[in-house]
Amino acid sequence: MSSSLEGIRVIDISRVLAGPLCGQMLADHGAEVFKVEPPSGDETRFWGPPFFKENQSAYFTGLNRNKRNISLDLRSEQGQTVLRKMLEDADVLIENFKAGTLEKWGLSDDVIRRDFPRLVHCRITGYGTDGPLGGAPGYDAVIQAYSGLMSINGEADGPEMRIGIPLVDIVTSLNALSGILMALRARDTSGRGQLLDMALLDSALSILHPHAYTYLASGRDPVRTGVAHPTISPYETFQAADGPFFLGVGNDGQFRKAVKVLDAEDEVAGPDFATNPARLRNRPRLKEILGEKIGQRTRAELSAAMIEAGVPAGPVNKISEALSEPQARHRGMVVETDGYRGIGLPIKLTETPGQVRFGPRSRGEDNEEILGLFGFSEEEMASFEEDGVISSHSPAEPPWPASAS
């Protein structure tokens with residue numbers, strides 16, 4: 001076995017982010033993943049500029065490598081027939097359609113359980129399929145707002161803010177990945193697959209730490225603290241001589257080491273700064289004292305000194321700086337191969353490592369290969385194409401829908 005998920009077949013009929021990212025992570029670690037795209041294409045293909053190449057936005061590129069691609073109209077009876085054929089030998093199905101869509105296509109939960117008993121069915125929705133909001137649409141930012149996540153992000157005297165990445169979608173994809181692996185492990189014992197009922201709302205609520213527990217313990221809503229930690233000090237951004245610098249002190253020992261590096265021992269001597277609760281009470285004065293010291297030195301100098309002293313700290317990098325850092329390159333977190341440029345694998349296994357084998361495929365690029373793999377003849381493929389059941393990207397197409405404004 002060269003990869004940990006070699007031999008696992010995944011049918012990824014999801015779109016946008018949470019499902020496709022989960023499928024990509026499975027593919028990165030050796031699973032055979034077929035991305036099933038509608039003839040119009042996954043909408044994120046057109047979420048640009050920028051575009052890496054025609055009909056492939058940067059957004060889409062980050063979610064769909066290592067997958068073979070078939071463009072299939074699942075709204076048609078023929079497309080549904082192809083999908084059922086693909087599911088016969090599949091291990092995992094990933095989908096994030098509106099509640100009831102698969103049932104309308106003749107693939108209700110009961111039918112899937114009966115006809116494909118070994119299939120692990122991963123369903124991703126905004127709020128789940130039942131309850132007061134069951135089946136309601138939910139994008140990442142809407143769930144950030146609804147879950148309370150947005151209320152704790154931003155400066156204390158400013159408005160609530162969306163986190164700058166689609167964090168809820170990303171966390172949901174990670175939870176889905178974990179759930180799929182658990183379900184595959186359970187199948188080793190039971191011989192049966194199962195349904196994973198993944199909701200963006202559940203994932204968002206699960207990461208409200210420590211704020212949810214602060215409320216449950218005190219009955220009070222947490223307040224926004226900007227970049228500063230709500231319960232630790234100093235744990236925030238300061239301005240060094242050449243730009244922003246983050247100091248993350250986690251305990252009293254690290255605090256003593258940090259003030260020694262900054263030659264600020266005399267200024268912070270006494271009970272006002274001796275413990276973390278005391279530092280929290282006196283945070284504005286502490287920030288002023290440390291800020292003056294940090295402002296006299298460069299970020300590189302401070303980083304080296306703090307790390308040598310055992311204190312977590314570092315520059316507040318731009319994306320370009322972060323991706324150019326020697327440590328990021330050393331860890332293989334920037335991949336450049338055969339015209340593909342992307343982010344490396346965060347899960348590093350010593351015996352069965354994953355790898356980036358190829359970048360995202362064009363829409364329908366593997367139609368014939370995939371249909372042939374599942375036993376469809378050339379005549380059937382030609383009929384599918386003539387009827388619009390399958391399609392593929394033509395280089396003459398623009399990199400955005402013709403109807404877009």
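Just above sits the structure.
What comes next is a walk through the structure. This structure is a prediction, so every number in the text was calculated from the model and none was measured.

### Concerning the overall build of the chain
Thought 1: A count of helical and extended segments in the chain gives 17 helices and 13 strands.
Thought 2: Taken along its principal axes, the extent of the C-alpha atoms in the chain is 85 × 50 × 50 Å.
Thought 3: Scored against the burial criterion, the 405 residues of the chain give a buried share of 45%.
Thought 4: Relative to all contacts within the chain whose residues are 6 or more apart in sequence, the contacts with residues 24 or more apart total 68%.
Thought 5: Entry remark: accessible area of the chain is about 20800 Å², with carbon and sulfur atoms responsible for 53%.

### Structural notes on a nonpolar patch on the surface
Thought 1: On the surface, Tyr-213, Tyr-215 and Leu-216 cluster together into a nonpolar patch covering about 390 Å² of accessible area.
Thought 2: Relative to the helices and strands, Tyr-213 resides in helix H9 (residues 211–218).

### Focus on the pairing of strand S13 (residues 340–343)
Thought 1: Relative to S13, strand S12 (residues 334–337) runs antiparallel, the two being bridged by four bridges. Pairing of Val-335 across the sheet is with Gly-342, part of S13.
Thought 2: Hairpin connection from S12 to S13: two residues lie between these consecutive antiparallel strands, with Asp-338 at a positive phi of about 50 degrees.

### Section: the sheet that holds strand S9 (residues 235–240)
Thought 1: As summarised here, the arrangement of the three strands in space is S9-S10-S11, forming an open sheet in which the pairing is antiparallel. Bordering the open sheet on either side are S9 and strand S11 (313–315), each of which pairs with just one other strand. This sheet shows a mean twist of 25 degrees between the axes of neighbouring strands, independent of strand direction.
Thought 2: Note: S9 against strand S10 (residues 243–248), six bridges, orientation antiparallel. By the bridge assignment for S10, Ala-240 is matched with Gly-243.

Reading the values: rules and limits
Residues numbered from 1 in each chain as written. Predicted model: local features only at pLDDT ≥ 70, side-chain atom pairs only at ≥ 80, totals over all residues. Heavy atoms only, no water. Helix = DSSP H or I, 4+ residues; strand = E, 2+ residues; numbered from the N terminus. Buried < 20%, exposed > 50% of the residue type's maximum accessible area, 1.4 Å probe, protein only. Contact = heavy atoms within 4.5 Å. Areas by Shrake-Rupley, 256 points an atom, 1.4 Å probe, with all protein chains shown as cover. Patch = residues over 30% accessible without salt bridge, like charges linked within 9 Å, V, L, I, M, F, W, Y side chains within 5 Å. Salt bridge = Lys/Arg side-chain N within 4 Å of Asp/Glu carboxyl O. Pairing = 2+ DSSP bridges. Axes fitted to C-alpha atoms, helices over the stretch in contact; angles between N-to-C directions.

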